[in-house]
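Structure at a glance
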Amino acid sequence: IAVEGSPGHDIGIVSLSGEAARLQMKRKIGNISVDELKKVYRRARVSDIEKWINAVDKEESTKFRTREAAGKLNLQMKINDVEYQGDSTKATFFYTAEERVDFRELIKVLADEFKVRIEMRQIGSRDEAKLISDVETCGQECCCKRFLKILDPVNMRMAKLQKATLDPSKISGHCGRLKCCLRYEDETYRERKAIMPKR
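Described in the following lines is the structure provided in the data block. (Residues numbered from 1 in each chain as written. Predicted model: local features only at pLDDT ≥ 70, side-chain atom pairs only at ≥ 80, totals over all residues. Heavy atoms only, no water.)

Okay, the sheet that holds strand β1 (residues 2–4) next. The sheet built from three strands is open, its strands ordered β2-β1-β3 with antiparallel pairing. Of all strands in the sheet, those with a lone pairing partner are β2 (9–11) and β3 (40–42), marking the two edges. For this sheet the average axis-to-axis angle between neighbouring strands, irrespective of direction, equals 40°. Both β1 and β2 contribute to a ladder of three bridges, which runs antiparallel. The partner of Glu4 across the bridge, within β2, is His9. (Pairing = 2+ DSSP bridges. Helix = DSSP H or I, 4+ residues; strand = E, 2+ residues; numbered from the N terminus. Axes fitted to C-alpha atoms, helices over the stretch in contact; angles between N-to-C directions.)

Before going further, it helps to examine the pattern of salt bridges. According to the stated counting rule, one finds 12 salt bridges in the structure shown. When the shortest N-O distance is used, the salt bridge between Lys90 and Glu119 registers 2.9 Å. Of this pair, Lys90 sits in strand β5 (residues 90–96) while Glu119 is found in strand β6 (residues 117–122), placing the two residues 29 residues apart along the sequence. Judged by relative accessible area, which is 9%, Lys90 ranks as buried. Given a relative accessible area of 23%, Glu119 falls into the partly exposed group. (Salt bridge = Lys/Arg side-chain N within 4 Å of Asp/Glu carboxyl O. Buried < 20%, exposed > 50% of the residue type's maximum accessible area, 1.4 Å probe, protein only.)

In spatial order, the strands read β4-β5-β6; together these three strands make up an open sheet with mixed pairing. The two strands at the open ends of the sheet, each matched to only one other strand, are β4 (78–84) and β6. Each neighbouring strand pair of the sheet contributes to a mean axis angle of 25°, computed without reference to strand direction. Across six bridges, β5 lies against β6 in parallel orientation. Residue pairing across strands places Tyr95 opposite Gln122, the latter belonging to β6. Strand contacts of helix α2 (residues 46–72): β4 and β5, with the helix running at about 155° to β4, the strand carrying the most contacts. In this fold helix α4 (residues 125–132) packs onto β4 and β5, with an angle of close to 55° to the strand it touches most, β4. (Contact = heavy atoms within 4.5 Å.)

Let us now look at the side chain of Asp81. Following the sequence through the fold, Asp81 ends up in strand β4. Although Asp81 lies buried, it forms no salt bridge, and the closest oppositely charged side chain, Lys63, sits 4.5 Å away as judged by the N-O distance. Those residues in contact with Asp81 that sit more than four places away from it in its chain are Lys63, Thr92, Phe93, Phe94 and Leu131. (Lys, Arg positive; Asp, Glu negative; His and termini not counted.)

What follows is about the packing of aromatic side chains. Applying the stated rule across the entire model yields two aromatic pairs. Seen in terms of ring centroids, Tyr95 and Phe103 are 5.6 Å apart; in terms of plane orientation they differ by 70°. Their pairing is edge-to-face. Overall, Tyr95 belongs to the buried group, its relative accessible area being 5%. Measuring from ring centre to ring centre gives 6.5 Å for Phe147 and Tyr184, while their planes differ by 35°; the resulting arrangement is tilted. (Phe/Tyr/Trp six-rings, centres within 6.5 Å; stacked < 30°, edge-to-face > 60°.)

Quick look at the nonpolar core now. One finds Met77, Phe103, Leu106 and Met120 to be the most contacted residues of the largest nonpolar core, which totals 20 residues. Among the elements of the structure, α2, β4, β5, α3 (104–114) and β6 are those that each provide at least two residues to this core. When sequence neighbours within four positions are dropped, the list of residues in contact with Phe103 reads Leu75, Met77, Tyr95 and Met120. Judged by nonpolar contacts, the second largest core, of six residues, contains Val154, Met158, Ala159 and Leu182. (Core = buried A, V, L, I, M, F, W, Y, C linked by side-chain atoms within 4.5 Å.)

As a further point, take unusual backbone geometry. Positive phi, close to 55°, is recorded for Asn74, a residue that is not glycine. Secondary-structure assignment places Asn74 in the loop between α2 and β4. Of note, Lys163 is a non-glycine position whose phi angle comes to about 55°, a positive value. Residue placement: Lys163 occurs in the loop between α6 (156–161) and α7 (168–171).

What follows deals with a nonpolar patch on the surface. Among the surface-exposed residues, Met25, Ile29 and Leu37 lie close enough to one another that they form a single nonpolar patch of about 240 Å² accessible area. Within the secondary structure, Leu37 sits in the loop between α1 (19–29) and β3. For Leu37, a relative accessible area of 35% translates into the label partly exposed. (Patch = residues over 30% accessible without salt bridge, like charges linked within 9 Å, V, L, I, M, F, W, Y side chains within 5 Å. Areas by Shrake-Rupley, 256 points an atom, 1.4 Å probe, with all protein chains shown as cover.)

This is how it looks when you write it as structure tokens:
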């Protein structure tokens, strides 16, 4: 489907509709007014899909070209991913950086070269893993990539409570932080511990 972009339009794929879609939205993003939602324009035409495929094809080369440009400008930042809008009028650059980065010069270079509206979006290490990671040590696709929308904090207390190994290399995910799955059973462990007799 062709959906409202900012500006222009983007391409979306319908994965759910009807009452199930409404319930999923309520669960994932809470109560949201209709005015805040982006508009659905129409079913995507063949020309829309061709434009979108061309935009997706440019993402990888744009990412490597941007890394080169950032390196030449000595910017202390890592370009993780580039996402073109479906109509190729806007590109979002996802980056990680230790400190604040002045990328105004980089934006000028990118706008001149790619002739699109540029949006720079700083992300954390968990979000970086979500964008680029694939399979975790359990053999499943990373939870953050597959289904987790909100990345809640995980702390060492959770690992201790579950009697997991306290070796950080074994309980850390691709992002270098403690694995999100330590949260899954934390509540049950706390409930059980509360009714267990003391040693």
